[in-house]
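# Residue-level structure breakdown
Next come the chains, spelled out residue by residue.
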Amino acid sequence: MRTYLVTGGAGFIGSNYIHYMFGKYGDSIRIINVDALTYAGNLENLKDIEDRDNYVFIKADITDKDAIAAVFEQYDIDRVVHFAAESHVDRSIKDPEVFVRTNVLGTAVMLNSAKASWELPDGTFKPDKKFLHVSTDEVYGSLPEDDSAFFYETSPYDPHSPYSASKASSDMLVKSYMDTYKFPANITNCSNNYGPYQFPEKLIPLIINNALQGKKLPVYGDGKNVRDWLFVEDHAKAIDMVQEKGRLFETYNIGGHNEKQNIEIINIILETLQEELPDGDERKAYINKDLITYVEDRKGHDRRYAIAPDKIKSEIGWEPETMFKDGIRRTIKWFFMHEDWMKNVTSGDYQKYYEDMYSNR
Ligand code: NAD
Ligand code: DAU
């Protein structure tokens, strides 16, 4: 039975990936989920799978060398899928240090522990061991506004936020392990994800949550920054395909030519909410464009991201399957059906974060 070590599996993409993998492979794989359960990690995301015999949760910090070494000692790990990170750009602007610690030092610890466990006395590695580092398109910086330029795997790194700088550093560490030790790894750089279980500090769930409560919808700057949106299940599938069909030591960009301005996204959410709420629901009266509020721009706000997914398509045969209009409807319905989830994650610390972050905007 192949054993996966997933880091950050209690977060947004990690939990969707674990669901995807059990849906695809059932009892033929085992998943060890290592997560520190920061504000962004939520075991409720994995409630439906927590009793499986082939699933283990370990609460540990990826910067804790001894704890991570112990996981590799206890389990014969075949695949590492490394999601754990501090992931929110706005938080990185306020408090960069934890981003360096988790994203850079944490990745170094993961690499070192996997290397120590997988390396043979002659410096080669045990067969069929693979490490996949989950990264972001933000490492490539910002594209011009016209839609003729894209991020390719060969695009130069040009990170602007402390978050993207820390992810770029972690990518470089992975590259250095591949170059120096022939460490068996891949890097994936993906565009913006959306879907179930996304923490409501990110644009799409924040707008859905605020609109449902009749709160202001904060738009940074002129609302015309462009992001390239991908349904999270499509990302999960791509990660699995890269790990099983990709060439080792390669980087693959993941995205689906679904560029939209932030203001377009907000308008689509408002329209879809109106369509999905039942007749007579009192929230229909206040969910409209009057909630949109332009606020102070994000510092160093990248203007446009857009992935060229040519390599993953031609080499591996991956293409996104979910159209945005369907994915956003599924996401909104999921949030309708999980109002308790939203209440739980927005209580306490997040409430304080929200007040701090938006009080001057
Ligand atoms: P998230 O913030 O929802 O989840 C991060 C998870 O990592 C949480 O469960 C958290 O508890 C855990 N974690 C944080 N610090 C840890 C530590 N020190 N030790 C152990 N666990 C820790 O993030 P996400 O949006 O699911 O992103 C997952 C990965 O995908 C990240 O590496 C991110 O850079 C990358 N990525 C995200 C997107 C996106 O749109 N969200 C796009 C491309 C790439
Ligand atoms: O591109 C991949 C990246 O996408 C990931 O690496 C990051 O982990 C993930 O957080 C995401 O980063 P962004 O900064 O693009 O996502 P966010 O949801 O924070 O913002 C999306 C856009 O919406 C961005 O242009 C800023 C804008 N925005 C965001 C928020 C939270 C607003 O206008 N208002 C808001 O309240």
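Every value quoted in this text rests on a predicted model; they were computed, and no experiment measured them. (Residues numbered from 1 in each chain as written. Chains lettered and ligands numbered in written order. Predicted model: local features only at pLDDT ≥ 70, side-chain atom pairs only at ≥ 80, totals over all residues. Heavy atoms only, no water.)

### Quick word on unusual backbone geometry
Note on backbone geometry: most residues besides glycine have negative phi, and most peptide bonds are trans. Under the convention used in this document: Strands are runs of DSSP state E lasting at least 2 residues, helices are runs of H or I lasting at least 4, and numbering of each runs from the N terminus. We call a residue buried when its accessible area falls under 20% of the maximum for its residue type, exposed when it is over 50%, and partly exposed in between, using a 1.4 Å probe and counting protein chains only.
For Tyr197, which is not glycine, the phi dihedral falls at a positive 70 degrees. Mapped onto the secondary structure, Tyr197 falls in the loop between β7 (192-194) and α6 (203-212). For Phe249, which is not a glycine, the phi torsion comes out positive at approximately 75 degrees. Structurally, the position occupied by Phe249 is in the loop between α7 (232-245) and β10 (251-254). On the accessibility criterion, Phe249 (37% relative accessible area) is partly exposed.

### Considerations on the environment of Arg329
Threshold: In this description, contact between two residues means that some pair of their heavy atoms is separated by no more than 4.5 Å.
Relative to the elements of secondary structure, Arg329 occurs in helix α10 (residues 324-337). Taking the C-alpha atoms as reference points, Arg329 and Glu276, 53 residues apart in sequence, are found 8.1 Å from one another. Contacts of Arg329, omitting those with residues within four sequence positions, involve Thr272, Glu275 and Glu276.

### As for helix α12 (residues 349-358)
Turn by turn, an α-helix covers 3.6 residues, leaving residues three or four places apart pointing in a common direction. Put simply, the rule is: Here the arc refers to the set of directions running from the helix axis out to each C-beta atom.
Of the positions making up α12, those classed as buried are Tyr350, Tyr353, Tyr354, Met357 and Tyr358. In an axial view of α12, the angular spread of the buried residues amounts to 100 degrees, which keeps them on one side of the axis. Facing away from the buried side of α12 by over 90 degrees, the exposed positions are Asp349 and Lys352. On its buried face, α12 is in contact with α3 (89-94), α6, β8 (217-220) and α11 (339-346).

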